Amino acid sequence: MSDRQTRIIGQARRRVDGRAKVTGQTRFADDIVLPRMLHCRLLRSTVPHARIVRIDVSRAEAHPGVHLVLTGDSFPISYGVLPVSHDEHALCRDKVRFVGDPVAAVVARDEATAAEALALIDVEYEPLRTYASPEDSLSFPEPRIHEYGDDGNIHKVVSLQFGDVDRAIAGADHVFDDVFFFEGNTHLPLEQHASVAAIDADGKLVVWSSTQTPHYLHRSLAKALETPAAHIRVIATPNGGGFGGKSDPFNHELVVAKAAQMLDRPVKICLNREEVFYCHRGRHPVLMRYRTGVTKDGQITGMDLQTLLDGGAYGSYGVASTFYTGALQTVTYQIPTYRFRGCRVFTNKPPCGPKRGHGTPQSRFGQEVQLDKIAERLGVDPADLRLKIVAPPDTLTANFLQVRTIGLARCIQTVVERSGWRERFRKLPRGRGLGLACSSYLSGAGLPINWNDLPHSGVQLKLDRSGGVTAFCGATEIGQGSDDVLVACVAEVLGIEPVDVRAVTGDTDLTPVDLGSYSSRVTLMMGNAAIQAAERARDLIAQAVASKLGIPVERLVFAERRVFDSEDPGRGVTFQEAVCIAEARVGTIGTTGSYTPPKSPARFKGGGVGPSPTYSYTAAVVEVDVDPESGWITVPRVWIAHDIGRALNPTLVRGQVEGSVYMGLGEALMEEQVFRRLPPRLSNALVHKFPSILEYKSPTTLDMPEIVTDLIEDPDPAGPFGAKEVGQGPLLPIMPAVANAVYDAIGVRVDEVPITPDKIVRALQAQKAGKPARFGPADFPPVPWPETLHVTPPWEGGDGRASNEPVRRPKRKADAGVEATAGVRS
Amino acid sequence: MMRLPSFRYVAPRTVEEAAKWMSGSPGEAMVLAGGTDLLPNMKRRQQTPSMLVALRHVDALRALRVGGGLSAGAGITLTELVRDARVRAMCPGLWQAAAQVATPQLRNMATLGGNLCLDTRCTYYDQTHEWRKAIGFCMKRDGETCWVATSSPKCLAVSSTDTAPMLQALGATVRLVSAAGERSVAVGDLYRNDGMEYLTRRADEILVDVRIPDQEGRRSAYWKLRRRGSFDFPVASAAVSARLEGDTVADVSIVLGAVASRPLASDKARRLLVGQRLTGEAIAAAADAAYEIAKPMDNTDFELVWRKRMVKTLVTCALRDVRGDDVGELRQRLARQTLQMIA
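Residues numbered from 1 in each chain as written. Chains lettered and ligands numbered in written order. Predicted model: local features only at pLDDT ≥ 70, side-chain atom pairs only at ≥ 80, totals over all residues. Heavy atoms only, no water.

A. Main features of the overall build of chain A. A tally of regular secondary structure across chain A gives 19 helices and 34 strands. Relative to a compact globule of 826 residues, whose C-alpha radius of gyration would be 28 Å, chain A shows 27 Å and is just as compact. With respect to the principal axes defined by its C-alpha atoms, chain A has extents near 85 × 70 × 55 Å. Here chain A holds 826 residues, and 65% of them are scored as buried. (Helix = DSSP H or I, 4+ residues; strand = E, 2+ residues; numbered from the N terminus. Rg over C-alpha atoms; globule rule 2.2 N^0.38 Å. Buried < 20%, exposed > 50% of the residue type's maximum accessible area, 1.4 Å probe, protein only.)

Listed below in structure tokens is the structure:
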């Protein structure tokens, strides 16, 4: 199929859900209104860390219009998205861990009544030490924020080594040792999280929610509410933006579900903006130290990375995030030896988790800025340095990631040409500069969160006498266009138009499981499943039509809503007739397709994070204009080239690339999820500095530059019609490219994001005072690293196992659907 | 953010009637004009008036007269002000100030009077009730401490109006009407450098109009610093109004915004410039003088030392603008727009 000329795939088309979105017909979770529906509000902690001594809800319960008041007593069972971090309860039971942690819920006739009743709940707290920074958490193991984790307030520490990195660095001509910091930031979806829960006609629980991961919500509801999964239906409503912020099961979802069960009435909640900042699960603040050895001609001999993640108050995806800060360094450039040590600590702040790029943008920032420093020291053009060390296709990296197609060199060459790099880099007048950076990202995580042998994505097709096709898939439309991809893949194979296919998605009652809209997995996994289901349907129909028309099945063509003889195109039937012929012959027509990623060659503990069926690649050049007096930064233009494999719908692909540039510039220049610690002698308070969409600064249209986007197409055999991901990768090069451009413009390094005018002025002042022309973190604190796992790289004969790893007892249960161990093994 | 608390709403049709409502329950009633400042504040419980006296049906507040100066009703929206070619021709600085307030949608609602009376702002104060509870509240509402500087005896919330510094520089006066009568106050005297008692307007007084003296022979400019090209309140600004004779400064007024609890005029900068030619050196000296009086605190966007430093840049830009330099490219860079598209 994939080498055939396509009619729909590759065409820039209006997305199938575009009409509903621009006419306001899309029903988001908060648009759902049901008869007898009640409204819920959550009481959230106003203290950062405390034991709950007493909660008195009697006044709230007595308030007119209140139907139910819930506390942690109603939620004895913990949950969490990763099996290794089931550390959340829908409402806090014994302690609160950050300002915003939910402690009680009121369900009332309307929102205002619920809000009034919240004020009538009395909570007595016994304050505990406030952990405001990773340094606090490393310094004080007691009291612990959680009673689990690797040590004290350390949630997770890992240490992995691939080859003799110390010897490789010692033998290098130059060693670069740099510390970088990446500030935390949040997703900022326009749609605030909302959920409605109800009991349906036959007594089963239904939850509509703005979630990216209905399957994980489904599992969490079953576990935490002790309700059989088969009696729960989760419907993921279209998300008004997700970016990773709606990938965890959330307190409010469990609370309305429980309330609906208890009251047998529909219950709704829509979070306000402040609460969305508290749900967070966004970008971890990461301090990192890169020690990299290079030869005088620019080959990397070894890389030694340490990362320290400020995890906030709960686990969330944090164990995976920790591994991700050290996973993808090797898939862009040749790195023969590599050591990664990562540490995530708990602090009394909203939990961090997966935001677009999940754990990789922070360390990609350090890696790409350090490469710029290496090129400068060696006197090499940074584009040439990268071109020289780009990873070759079809190789296994030091940490056993399988690189397949890699269009990175073409991406670099494209942005170099487009931006006039050769004529302009290091040659522009003071105050103007160009910066280059590259990146890579997964096209879907190779391992599932709940480790089992089941497919990651399933598609079912229903074909009937109308000639219409319905495609069912658990994938979730979060604005990225997954419904369009589903419809396009099916329509392409069956030779019909996208409008002939109806997508039914994200509904656990109706659709086969898809793991969710995260890790850039949907196009690749759902797309492959859809192609398989459609090909099976096509084969059924082809057999029937071939026999009816008396021509060999190989000669049949499906196109233009017809099934016809390729040697005599006038001879054939309409698609609708073809379906009827097939239905008459074999009965009701339904087919399925599914997708499971290939097994990863990485078999060491921690090797579950990083493998992917294939990787996307991006290169970007950013132009900046920096005022040497004020440090004021303007970005007039960005050139970006993305190795997409194949663009299924170029309109959507370009939208993702441009949206990534937008989000990347926000992270590079202004966005910060930061906190205020009041003077400890006066207060324990630790609060989000500005949980508001006005004061949390994100760029406006006026702040956006011109973007020149190039799509590099070299179909990857692993992808549907050759497609790779585009939702996350193009974000990553923007932040380091801005930093590198600032250096080209003005000769100072800002080794952290966001890069703000005051930091540039400080660096310029340091330069004037004869100090290093730099603003950034000074050092990396001591971390109690565990024993390093030694894995021999493939070219030294390694088999993907660690040489010193304790032998694990096989714990797999017979029932593959039951959680055995996590894909993220701890 | 919570929803609005309940309140009584009255919609008088005359200033007299409105003044009567305001005097009826002193301290309990507040004036509602565009609502873009007050209503969000009420949702956050920063203000909890029991009665709102709405001015939108008081036609007398919507007059705009030009000739021998300018008289603008307080109820004129910022969009109306910005779209009036006469305002732009006569007071380019006022046009620049109004055009840079918030967003087009907010300017469609927000009024000139509302912008002048804009509540002072602070990142410890412009927060929801729950957030403020988490810090034990602050001096400006429900608490005792000013968290910006815990030893400060007074509130340090920031004057964040764009039009006030410009109108002060233009020598404008406002008319305040209450049931007891009316009075005129220079814009410079409308404010106090106190984050809580930032207005000299009494609680029962209604600001009804703004009068700007004849601008014949005068030039003006307003330069605003904010993170983004839209939405944001100023973190520092400079308003300049000047009368030039040839290239010599006959008279000038330089007023800073968003670096104290009120607009701050720099007398020293004025003294340094009057009688001088507007050379680069003279402008730099005036910018240095203005810089001295700026007292930004850590309660807005951006780092405070840098904000103070930027006062020099803003004053320099405004004086160059008044001098007649082509500052379009500078404006584009700093404001992320040329402002031309707003007209």
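B. Representation of the environment of B:Y291. Residues and elements named next belong to chain B. Examined against the element boundaries, Y291 turns out to sit in helix α12 (residues 280–293). Sequence separation of Y291 and A98 is 193 residues, and the distance between their C-alpha atoms is 24 Å. Aside from chain neighbours lying at most four places away, what touches Y291 is K308, R309, V311 and K312. (Contact = heavy atoms within 4.5 Å.)

C. Seen up close, the nonpolar core. Residue and element names in this part refer to chain A. Counting residues in each nonpolar core, the largest one holds 116 residues, and the members touching the most others are I412, V624, I734, V738, I755 and I760. The element best represented in this core is helix α18 (residues 734–746), accounting for nine residues. Excluding residues that lie within four positions of it along the chain, I760 makes contacts with V626, G631, I633, V742, V748, V750 and I755. Residues I9, V487, C489 and A529 belong to the second largest nonpolar core, which totals 50 residues. (Core = buried A, V, L, I, M, F, W, Y, C linked by side-chain atoms within 4.5 Å.)

D. The arrangement of helix α19 (residues 757–768) of chain A in detail. Residue and element names in this part refer to chain A. Here α19 contains 12 residues, and its C-alpha end-to-end distance of 16 Å stays within 8% of the 16 Å for a straight helix at 1.5 Å per residue. Regarding α19, the residues found buried are P757, D758, K759, I760, V761, A763, L764 and A766. Immediately beyond the C-terminal end of α19, within one or two residues, lies G770, with a positive phi of roughly 80 degrees. (Expected span 1.5 Å × (residues − 1).)

E. Structural context of unusual backbone geometry. The peptide bond linking A:E142 to A:P143 adopts the cis configuration, its omega dihedral lying at -10 degrees. You can see A:P143 is positioned in the loop between α4 (134–139) and β7 (154–162). Residue A:P754 follows A:V753 across a cis peptide bond; omega there is 0 degrees. Secondary-structure assignment places A:P754 in the loop between β32 (752–753) and α19. Here B:D142, not a glycine, exhibits a phi torsion of approximately 70 degrees, which is positive. Mapped onto the elements, B:D142 comes out in the loop between α8 (129–134) and α9 (163–169). Relative accessible area serves as the criterion here: at 44%, B:D142 is assigned to the partly exposed category. With a phi close to 65 degrees, B:A258 is a non-glycine residue in the positive phi region. Assessed through its relative accessible area of 0%, B:A258 is described here as buried.

F. Local environment of the interface of chain B and chain A. The partner chain A presents 41 residues to the 36 residues of chain B that form the contact. Carbon and sulfur atoms supply 57% of the area that chain B and chain A bury against each other, a total of about 3400 Å² over both sides. Of all residues in chain B, B:R227, B:R228 and B:R336 give up the largest surface area on contact with chain A, accounting jointly for 20% of the area buried on that side. Run the count over chain B and chain A and you get six salt bridges. Of the charged contacts in the structure, one is a salt bridge between A:E695 and B:R121, with a shortest N-O distance of 3.9 Å. Remark: the boundary between chain B and chain A carries 17 residue pairs in polar contact (both at pLDDT 80 or more). Secondary-structure elements contributing two or more residues to the side of chain B that touches chain A are α8, α13 (304–323) and α14 (328–335) of chain B. Ranked by the residues each element gives to the side of chain B that touches chain A, the list is headed by α8(B), at four residues. Partitioning the side of chain B that touches chain A into residue classes produces 14 nonpolar, eight polar and 14 charged. (Buried area = accessible area lost by both parts, 1.4 Å probe. Salt bridge = Lys/Arg side-chain N within 4 Å of Asp/Glu carboxyl O. Polar contact = N/O pair within 3.5 Å; in protein donor to acceptor, adjacent residues only side chain to side chain. Nonpolar A, V, L, I, M, F, W, Y, C, P; charged D, E, K, R; others polar.)

G. Examining the packing of aromatic side chains more closely. Counted according to the given criterion, the structure contains 14 aromatic pairs over all chains. Summarising the aromatic geometry, the rings of A:Y216 and A:Y518 are spaced 5.8 Å apart at their centres and angled 50 degrees between planes, so their arrangement reads as tilted. One end of the pair, A:Y216, is in helix α6 (residues 214–224); the other, A:Y518, is in the loop between β21 (501–505) and α15 (522–549), and 302 residues separate them in sequence. Residue A:Y216 is classed as buried on the basis of its relative accessible area, which comes to 3%. Here A:Y518 falls in the buried class, since its relative accessible area comes to 13%. Centre to centre, the rings of A:W632 and B:W306 are 6.2 Å apart; their planes meet at 5 degrees, and the pair counts as stacked. Remark: B:W306 occurs in helix α13 and A:W632 occurs in the loop between β26 (615–626) and β27 (633–645); the pair is interchain, linking two chains. Given the relative accessible area of 3%, A:W632 is considered buried. When its relative accessible area of 1% is taken as the criterion, B:W306 is described as buried. (Phe/Tyr/Trp six-rings, centres within 6.5 Å; stacked < 30°, edge-to-face > 60°.)

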